[in-house]
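# Inside the fold
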Amino acid sequence: MGVKREKKALGYSVQEVKGDNLTLAKSVDISSSLAGKVAGVQLVGSPSSTFDNADILIRGVTGLGPQAPIFVVDGTITSQSAVLMDNVENVSVLKGPAATALYGQRAANGAVVITTKKGTRKKTQSVELNLGATIENLALIPPYQNQYAGGYSSSYTNKNALGAGYLDDQGFYIFKYRAGVHPASWASFDGHRMLEYGADESWGPKIDGSLYRPYYSWYPGDEFGKLSPLTAQPNNVKDFFRTGVNLNNTVAFNSGGEAHNFRISYGNQTRSLIIENAKRQQHQLAINGSFDIGKYITISSDMVYTTRNTTGKPSEGYRLDGLNVTQNFNQWFQRQLDIDRMRSYRQPDGSLNSWNIGDPNATGNLAVYGKPQYWDNPWFVLKENYATERQNRMMGNVGMNIKINSHLNLQSYVRMNQYATESDQRVASGGLNIDGYNILQNQYTEMNYETNLMYKNKFGKFSVDGLIGANSRKNYYSQLYQETVGGLSSPNYFDISASIGRPNISRSYQKKIVNSIYGKASVGWKDMIYLEGTLRNDWSSALPKESNSYLYPSLSSSFIFTELLKTSWLTFGKIRASYASVGSDLDPHNLDIAINNGSFYGANPSATIGNQFRGGGIRPALTKAYEAGIELRFFRRLGLDVTVYENNNTDQIIGVDVSSGSGFTTAQINAGNIVSRGIEISLNGTPIQSKNFTWEVSLNWARNRNEVKELAPGINSYLYATNRYDTRLEHRVGGEWGTYYGRMWRVDEKTGKTLIDQTGQPLYDINKPIGQVLPKWTGGMFNSFRYKGFDLTFSLDFQSGGLFYSETRNFNTGSGLSEETVGLNDKGFDWRDYPGSYSSATGNAGNGGIRIPGIFANGPLMNQENNRYISARAYWYTARQRDGRNVILDASYIKLREIRFGYNIPASFLAKTKVCKSANIGLIVQNAWLIWATTKKYGIDPSELEVFYREGGQLSATRQIGGNLRITF
């Protein structure tokens, strides 16, 4: 907003990061670049192997759901994807409502304020070149077992489970020729060993070189009918991924004079991921400058234009359409499959093949048994079932400053944030899913018209700094979605006009206006005591007319006590305190009962009433925040900043369950009080500084707690999310925000032993508390070492506690893929062998299976030790899913985020070129090393979750290694 303040005068917490420290490894994501560098910032999703930006939370949550901070570039609120990283001068993270009062209700959850580099007002020119090239490779995958092939044999009690002769002692599935079902030429196949190809699990026979019929031997060709040895493929998943390449280059031109300055920057990113056909091309052009018109008027402009084209962005999460191939490998796969062989996913006649075919015992018709059961060939998915996206974004401002006199300025800006996106998804013909095509087109425009009158003066020992201003914000969003129905009229004709049925078309839009007036006044005394107050009033079109106005103030103060206390060791000391109140409103068009388009009845259209009752009497939600802190500086070298805070978040706008007899499922009301409390500690300084060696370090640590004080009358729990197996993420009154509840094995109260039913499975209870989803504390460390011409910089971030639900962990073990699922039972035998039939008197007839320690809860052996062995799959898939602690995992981690080792080319050498002013060449590493995580042994990186509370099919983590060259001319 054009407001600059001395940090010593601030009565609230603000933490700054220099631009060079954000881009030391050429990161293109500002959120992940902040990880560990700012106290109180939690990384809640940092996907290293896709194109998405990470998400962050500042000081935990402030309501019934997590809310991201706003990103402000030179005063304009925009998306973090619009930031040209090499053009960042510094970033200030405003954490509390007191720090963000002038940005309005959108900044209630914090603000990441980005200041870009500007040209100089000197008669000089310079050119900056910043070149980066990295290669990207797989960094973490689950540890797979390589002893057993695909199938279900380890789920059976004995080899006759499918009928006599269909399974052998090793667990192979046997082909049995039937004259009325199979061609006569297949008679010689009788007795051939097969696998249960339709199984997408690896509970099959031991991989020991035995001859068998692989899936491809059932397709016409030279290998039809041939037996092959069953061999392990330990690197089949690794071999699927390629080496990605990332080129990230910028060039900037700076110039200026006594009455003007400007800077032009161009950035280009070309990135190919480790998944084939996944690539992005991005161009960014940034122009900023200012020009004096006489002595009193200065016009300025900051603009960034971004255009990008993306192809084959990887699908994430748990999907039923087979588009997430990483989910396929980690959750539903067969371990004996040769990935390179699968590259030829089309037969000579153009038809598709798949490893996941049907059962040749059931039919001799290739059109039937050759159809995939659950999964297409992964190469087919990547190369033909992909999405594309094209986006153009323009953001920036044009402003004018009128210097009325030496104390009074009038500033006026027009700010714009606008984008247009077109994305599509194609599903190719001939695969498991019906072929189809969809296209999504949307555009967004935000315009802000802002005027501020600013005053700054000194009266003896007093200083005064103030402003009054007004802003009008207009938001518009439009979306058009079209989707084919019933397939495509011609194979692979990807167009809406190819829809066999009437295509689905939906149109949505949003309009919103928020008008605001605001003011700020700051008074200082002897550069020692400061008192500041702000006041803002918003009028929102999204709220009822009678209550669309909400006023929120802030008050802060600071006392620099070292102005009175002069010591040689304490060179700076300040205490500060603040209070702020921030209101918030709704998204557009959420005030009245929704009316939606319904299905067609013949040629007649229909409409449906929304499921939420909205009475229109909603008030703005309110946050009241209290903060206190102390800043200390020792020997001008070391700094300490400690902050404590409390936020009271009341009148949340929520939907509560109502009787279905009302015609609705929920009702919109104001309710709730979520209280968050925390402490933040930041330690920074230069412990060593000499002629040849310098060490700079910063250490950040934060702890946040969120308590649900109240919800609505008669409501003691708010359901935030559900997962499988009765797993619920809830906010319960009197408890912490975001507690996981789920299943637990039932135990005997007297003995503490697990209670077992007569089938050998554990009994379980539901609705048992498991733990909190948010971390106990977060933190990070940043180090920079310089020795003569060499520099080494690296950052770490870490988190203690927090929980997330893991579908990868669930099915990686449940489907027999994990190395954990291979082992010996307590009798010393392979637990994947058949356990045999069971009787209470003699136990199991076989030697395989797993016995769960515990006592029988009922039956003839009630209260006696369990003696029943269940199949390996019955344990890993069924029994373990009866206890949520097996799938709700600890999110703690320590990560070495980025490294740069550089060398400054000597000035004496550069002088010979007569054009180079400075140059530095360096080795860079991004997402360098997951040093420790409790889930690392499962192949899961908790710092890269899809969302903060779960992962349904996490993409594999990657590491980038490469070089960086910085030159100034």
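Residues numbered from 1 in each chain as written. Predicted model: local features only at pLDDT ≥ 70, side-chain atom pairs only at ≥ 80, totals over all residues. Heavy atoms only, no water.

All right, on to the overall build of the protein chain then. Looking only at helices and strands, the protein chain has 9 helices and 49 strands in total. Taking 969 residues into account, the globule formula puts the C-alpha radius of gyration at 30 Å, and the protein chain, at 32 Å, falls close to it. In terms of overall dimensions, the protein chain has a C-alpha envelope of 105 × 70 × 70 Å along the principal axes. Per-residue burial over the protein chain gives 54% buried out of 969 residues. Summarising the internal contacts of the protein chain: among those between residues at least 6 apart in sequence, 69% fall at separations of at least 24. With the model as given, the accessible surface of the protein chain reaches about 40,900 Å², and the carbon-plus-sulfur share is 55%. Computing the positive centroid from 101 side-chain charges and the negative centroid from 83, the protein chain places the two 7 Å apart. (Helix = DSSP H or I, 4+ residues; strand = E, 2+ residues; numbered from the N terminus. Rg over C-alpha atoms; globule rule 2.2 N^0.38 Å. Buried < 20%, exposed > 50% of the residue type's maximum accessible area, 1.4 Å probe, protein only. Contact = heavy atoms within 4.5 Å. Areas by Shrake-Rupley, 256 points an atom, 1.4 Å probe, with all protein chains shown as cover. Lys, Arg positive; Asp, Glu negative; His and termini not counted. Charge placed at Lys NZ, Arg CZ, Asp CG, Glu CD.)

Here the focus is the domain arrangement of the protein chain. Splitting the protein chain by domain gives domain 1 (15-119) and domain 2 (739-772 + 803-889). The centre of domain 1, based on its C-alpha atoms, is set 45 Å off from the matching centre of domain 2. (Domains from an automatic or database assignment.)

The next subject is the pairing of strand E16 (residues 297-311). Two strands pair when backbone bridges link them, and strand E15 (residues 279-293) and E16 are joined in this way by 15 bridges, in the antiparallel orientation. Residue Gln 282 lies in a different strand from E16, and its bridge partner there is Arg 308. Two successive antiparallel strands, E15 and E16, enclose a turn made up of 3 residues, where Gly 294 displays a positive phi of approximately 75°. Here E16 pairs with strand E17 (residues 387-403) via 15 bridges, running antiparallel. Across the sheet, Ser 301 pairs through a bridge with Val 398, a residue of E17. (Pairing = 2+ DSSP bridges.)

Strand order in the open sheet formed by 4 strands is E32-E33-E34-E36, and the pairing between neighbours is antiparallel. Every other strand in the sheet has two partners, leaving strand E32 (717-723) and strand E36 (764-772) as the edge strands with one partner each. Neighbour-to-neighbour, the strand axes of the sheet open up by a mean angle of 35°, direction not taken into account. Inspection of the sheet shows strand E34 (residues 739-745) paired to E36 by 6 bridges, in the antiparallel sense. Bridge pairing in E36 places Gly 742 opposite Lys 768. (Axes fitted to C-alpha atoms, helices over the stretch in contact; angles between N-to-C directions.)

What follows covers helix H8 (residues 872-879). Side chains that are three or four residues apart share a direction in an α-helix, a result of its 3.6 residues per turn. Where burial is concerned, most of H8 is hidden: 7 out of the 8 residues are buried. Of the residues making up H8, those classed as buried are Ala 872, Arg 873, Ala 874, Tyr 875, Trp 876, Tyr 877 and Ala 879.

Most often, soluble globular proteins have nonpolar side chains that are buried together. The biggest cluster of nonpolar side chains holds 73 residues, and the ones touching the most others in it are Tyr 215, Trp 218, Phe 240, Trp 737, Tyr 740 and Val 773. Residue assignment for this core shows that the elements contributing at least two residues are strand E9 (173-174), helix H3 (236-240), helix H4 (325-331), helix H6 (378-384), strand E29 (638-657), strand E30 (666-689) and strand E39 (803-806). It is H6 that provides the largest number of residues to this core, a total of 4 residues. In this structure, this core is formed jointly by two domains, domain 1 (15-119) and domain 2 (739-772 + 803-889), each of which donates at least three residues. Among the nonpolar cores identified, the runner-up in size contains 25 residues, and Ala 54, Val 83, Leu 84 and Met 395 belong to it. (Core = buried A, V, L, I, M, F, W, Y, C linked by side-chain atoms within 4.5 Å.)

The next point concerns the environment of Thr 878. Within the fold, Thr 878 resides in helix H8. Apart from the residues within four sequence positions on either side, Thr 878 is in contact with Gln 761 and Arg 873.

Let's shift gears to the sheet that holds strand E7 (residues 111-116). Spatially, E1-E6-E7-E4-E5 is the arrangement adopted by the 5 strands of the open sheet, whose pairing is mixed. Every interior strand has two partners, whereas the edge strands, strand E1 (14-18) and strand E5 (76-78), have only one. Taken over all neighbouring pairs, the strand axes of this sheet differ in orientation by 25° on average, direction set aside. Direction of pairing for strand E4 (residues 70-73) relative to E7: parallel, over a ladder of 4 bridges. Residue pairing for E7: Val 73 is matched across the bridge by Ile 114.

Turning next to the packing of helix H7 (residues 807-814) against H8. Between H7 and H8, the least distance of the axes is 8 Å, while the angle of their chain directions is 165°. In terms of orientation, H7 lies roughly antiparallel with respect to H8. For the element pair H7 and H8, the recorded crossing hand is left-handed. Along its contact with H7, which presents Phe 811, Thr 813 and Gly 814, the element H8 presents Arg 873, Trp 876 and Tyr 877. Partitioned by chemical class, the residues of the contact of H7 with H8 number 3 nonpolar, 2 polar and 1 charged. (Parallel < 35°, antiparallel > 145°, perpendicular 65-115°, else oblique. Left-handed = near helix turned anticlockwise from the far one by under 90°. Nonpolar A, V, L, I, M, F, W, Y, C, P; charged D, E, K, R; others polar.)

As enumerated under the stated definition, the model contains 53 salt bridges in all. Between Arg 308 and Glu 389 there is a salt bridge; the shortest N-O distance is 3.7 Å. Of this pair, Arg 308 sits in strand E16 while Glu 389 is found in strand E17, placing the two residues 81 residues apart along the sequence. Residue classification places Arg 308 among the buried positions, given a relative accessible area of 12%. The exposure class assigned to Glu 389 is partly exposed, which follows from its relative accessible area of 23%. By sharing partners, the salt bridges in this structure join Arg 59, Lys 95, Lys 574, Arg 576, Glu 627, Glu 631, Asp 641 and Glu 680 into a single network. (Salt bridge = Lys/Arg side-chain N within 4 Å of Asp/Glu carboxyl O.)

This brings us to a nonpolar patch on the surface. Taken together, the side chains of Ile 135, Val 245, Leu 247, Tyr 787, Phe 790, Leu 792, Phe 901, Leu 923 and Ile 961 present a nonpolar region at the surface, about 760 Å² in accessible area. The set of elements that each furnish at least two residues to the nonpolar patch consists of strand E13 (244-257) and strand E38 (790-800). Mapped onto the elements of the fold, Leu 247 is located in strand E13. (Patch = residues over 30% accessible without salt bridge, like charges linked within 9 Å, V, L, I, M, F, W, Y side chains within 5 Å.)

Looking now at the packing of aromatic side chains. Inspection of the entire model under this criterion finds 44 aromatic pairs. Geometrically, the ring pair formed by Tyr 345 and Phe 380 is tilted, given 5.8 Å between the ring centres and 55° between the ring planes. Linking Tyr 345 in the loop between H4 and helix H5 (366-369) with Phe 380 in helix H6, this pair joins segments that are 35 residues apart in sequence. Here the two residues Tyr 345 and Phe 380 agree in accessibility, since each one is buried. Residues Trp 701 and Trp 777 carry aromatic rings whose centres are separated by 6.3 Å and whose planes lie at 40° to one another, so their mutual orientation is tilted. Taken together, the residues Trp 701 in strand E31 (residues 693-710) and Trp 777 in strand E37 (residues 777-787) connect sequence positions 76 residues apart. Its relative accessible area of 27% is what places Trp 701 among the partly exposed residues. Over the ring of Tyr 318 we find Arg 724, and its NZ or CZ is 4.5 Å from the ring centre. (Phe/Tyr/Trp six-rings, centres within 6.5 Å; stacked < 30°, edge-to-face > 60°. Lys NZ or Arg CZ within 6 Å of the ring centre and 35° of its normal.)

Bringing the side chain of Thr 793 into the picture now. With respect to the helices and strands, Thr 793 occurs in strand E38. Look past the residues within four positions of Thr 793 in its chain and what remains in contact with it is Leu 24, Phe 782, Asn 783, Ser 784, Glu 898, Ile 899 and Arg 900.

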